[in-house]
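# A closer look at the structure
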Amino acid sequence: MLPYRRNKAIVKRKFARKLVSWVVIIVLFLSLSGLPASARNTPADIQVIDRQPDQPVNEPEQSVPAAPSAPGLNNPQEFEAFVDNFFQEELSKTHIPGGVVSVVKDGKLFFAKGYGYANLEKKIPVEADKTLFRVASLSKLFTATAAMQLYERGQLDIHADVNKYLTDFQIKNPFSEPVTAARMMLHTDGTTKRRIGLAARTAQEMEPLGDYLADHMPPVVWQPGELYSYSSHSIALLGYLVEKISGTPFAQYIDKNIFQPLQMRRSTFLGVAE
């Protein structure tokens, strides 16, 4: 009896599996056959794609409109109105005493005008061609230009250790990689101090650059050439190299070799314009 019942149970299980399989096949068939009808009843704003298109679908190219010309680029009067409006708002909002805007276009002076006061107490207005402004770190451009002039003349090796050119003091560098003029220009000489003494109250209080750097040159704390760290002291040392190698005070060198050839007669590295 037991073998007979076991065989009968096996037959029932096989029949059940076949029945389930046929039901699944019928359901799938009915579902697939109904797809076209469902698609026809889909609202027009919905697209049903039942297969990949033969060609890739490309988005229509969108034409980019040309950017309108900035106001005043071709008309000095229009540009002046724009700058006048800007300074009228900024001077009152930020409490800036004064400023000047100069624009050169195609090698010619396009616009120049002063705003506000050069001296608030005496009510002296800013004049574009007379009032002096400190250019701060833009002076680094002139210092690097002077160094490259000496490089072009074969007087400065920008890849040599700067200690080669220093006689009054030496840079303390614990690393094998040297501090070079090129690395000083790239702010990768290994020092980290950003600021240098900004000004002296009188010409008599001005300390010679070499004396100042000998006492205040920051230490080299990173291997030169590996880390960028903005350093005003490094550029000051570069200016001192210009002074040492050329045998000319830095301010005089810049005036003779850069300012005068460029006809920059109202620019100076001296404390007071002469």
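Along every chain, residues carry numbers that run from 1 in the direction the sequence is written. Restriction of local features to residues with pLDDT of at least 70 applies here, the model being predicted, together with a cutoff of 80 or more for giving and counting side-chain atom pairs; totals for whole chains, interfaces and linings are based on all residues. In computing side-chain properties, one takes all heavy atoms of the structure into account and sets aside hydrogens as well as water.

### Let's talk about helix H7 (residues 232-246)
Stated formally: Under the DSSP-based scheme used, a helix requires at least four consecutive residues in state H or I and a strand at least two consecutive residues in state E, with every element numbered from the N terminus. One fewer than the residue count of a helix, multiplied by 1.5 Å, yields its expected span. When checking whether two residues touch, look at their non-hydrogen atoms; a contact exists if any pair is within 4.5 Å.
In this model H7 runs 21 Å from its N-terminal to its C-terminal C-alpha over 15 residues, within 8% of the 21 Å that 1.5 Å per residue would give. Looking at the buried residues of H7, the elements they touch are helix H4 (139-152), helix H5 (181-185), helix H6 (209-216) and helix H8 (250-259). Positive phi shows up at glycine 247, right after H7, with a value of about 75 degrees.

### Considering the nonpolar core
Under the convention used in this document: We call a set of buried Ala, Val, Leu, Ile, Met, Phe, Trp, Tyr and Cys residues a nonpolar core when their side-chain atoms join them within 4.5 Å. For each residue, the accessible area found with a 1.4 Å probe, counting protein chains only, is set against the maximum for its type, and the residue is called buried under 20%, exposed over 50%, and partly exposed in between.
If you look at the biggest cluster of nonpolar residues, it comprises 31 residues, and the most contacted ones within it are Leu166, Ile171, Met184, Leu213 and Leu237. Counting only elements with at least two residues in this core, the list comes to H4, H5, H6, H7 and H8. When residues in this core are grouped by element, the largest group, six residues, is from H7. Each residue touching methionine 184, except ones within four places of it in the same chain, is listed here: Val162, Val179, Asp189, Ser234, Ile235, Leu237, Leu238 and Leu241. Counting seven residues, the second-largest nonpolar core is a separate cluster that includes Phe79, Val101, Phe111 and Tyr115.

### What about the sheet that holds strand S2 (residues 108-119)?
Sheet strands pair via backbone hydrogen bonds, and the direction of the pair is either parallel or antiparallel. Convention followed: Strand pairing follows a simple DSSP-based rule, namely that at least 2 bridges must link the two strands. To get an axis, fit a line to the C-alpha atoms, keeping to the stretch in contact for a helix; angles then go from 0 to 180 degrees between the N-to-C directions.
Taking strand neighbours across the sheet as the criterion, the three strands line up as S1-S2-S3 in an open arrangement whose pairing is antiparallel. In this open sheet, the two strands that pair with only one neighbour each are strand S1 (98-105) and strand S3 (124-125). Looking at chain direction, S2 and S3 are connected through two bridges and run antiparallel. Within S3, the residue paired with asparagine 119 across the bridge is isoleucine 124. Sitting on the sheet, helix H3 (residues 76-94) touches S1 and S2, and the angle it makes with S2 is about 25 degrees.

### Here's the deal with the side chain of threonine 180
Definition in use: Polar contact is defined as a pair of N or O atoms within 3.5 Å, subject to the rule that within protein one atom must be able to donate a hydrogen and the other to accept it, and that residues adjacent in sequence are counted only when both atoms are side-chain atoms.
Considering the arrangement of structural elements, one finds threonine 180 in the loop between H4 and H5. Assessed through its relative accessible area of 3%, threonine 180 is described here as buried. Among the polar contacts made by the side chain of threonine 180, one reaches the main-chain amide nitrogen of arginine 183 at a distance of 3.1 Å. When sequence neighbours within four positions are dropped, the list of residues in contact with threonine 180 reads Ile158, His159, Ala160, Asp161 and Val162.

### Re the pattern of salt bridges
The line we're drawing: Salt bridge, as applied in this entry: a Lys or Arg side-chain nitrogen positioned within 4 Å of an Asp or Glu carboxyl oxygen.
Considering all chains together, one arrives at six salt bridges under this definition. The partner of lysine 130 in a salt bridge is glutamate 127, and the shortest N-O contact between them spans 3.9 Å. Among the residues examined, lysine 130 registers a relative accessible area of 49% and is labelled partly exposed. The salt bridge partner of aspartate 168 is lysine 244, with a shortest N-O separation of 3.9 Å. With aspartate 168 in the loop between H4 and H5 and lysine 244 in helix H7, this pair connects stretches of sequence that are 76 residues apart. Residues participating in the shared-partner salt-bridge network are Glu80, Asp84 and Lys113.

### Topic: the packing of aromatic side chains
How we decide: The criterion for an aromatic pair is that two Phe, Tyr or Trp rings (for Trp, the six-membered ring) have centres within 6.5 Å, with stacked assigned to planes under 30 degrees apart, edge-to-face to planes over 60 apart and tilted to the rest.
All chains considered together, the criterion is met by nine aromatic pairs. Here phenylalanine 79 and phenylalanine 110 contribute two aromatic rings whose centre-to-centre distance is 5.9 Å and whose plane-to-plane angle is 70 degrees, an arrangement assigned as edge-to-face. A residue pair is termed long-range when its members are at least 10 positions apart, and phenylalanine 79 in helix H3 and phenylalanine 110 in strand S2 qualify at 31 residues. With relative accessibility at 13%, the residue phenylalanine 79 sits in the buried group. You can call phenylalanine 110 buried: its relative accessible area is 17%. For the pair phenylalanine 259 and phenylalanine 269, a centre-to-centre distance of 6.0 Å together with 15 degrees between the ring planes defines the contact as stacked. Separated by ten residues along the polypeptide, phenylalanine 259 in helix H8 and phenylalanine 269 in the segment after H8 bring together distant segments of the chain. Put simply, the rings of Phe79, Phe82, Phe110 and Phe111 touch in pairs and so form one group of aromatic residues.

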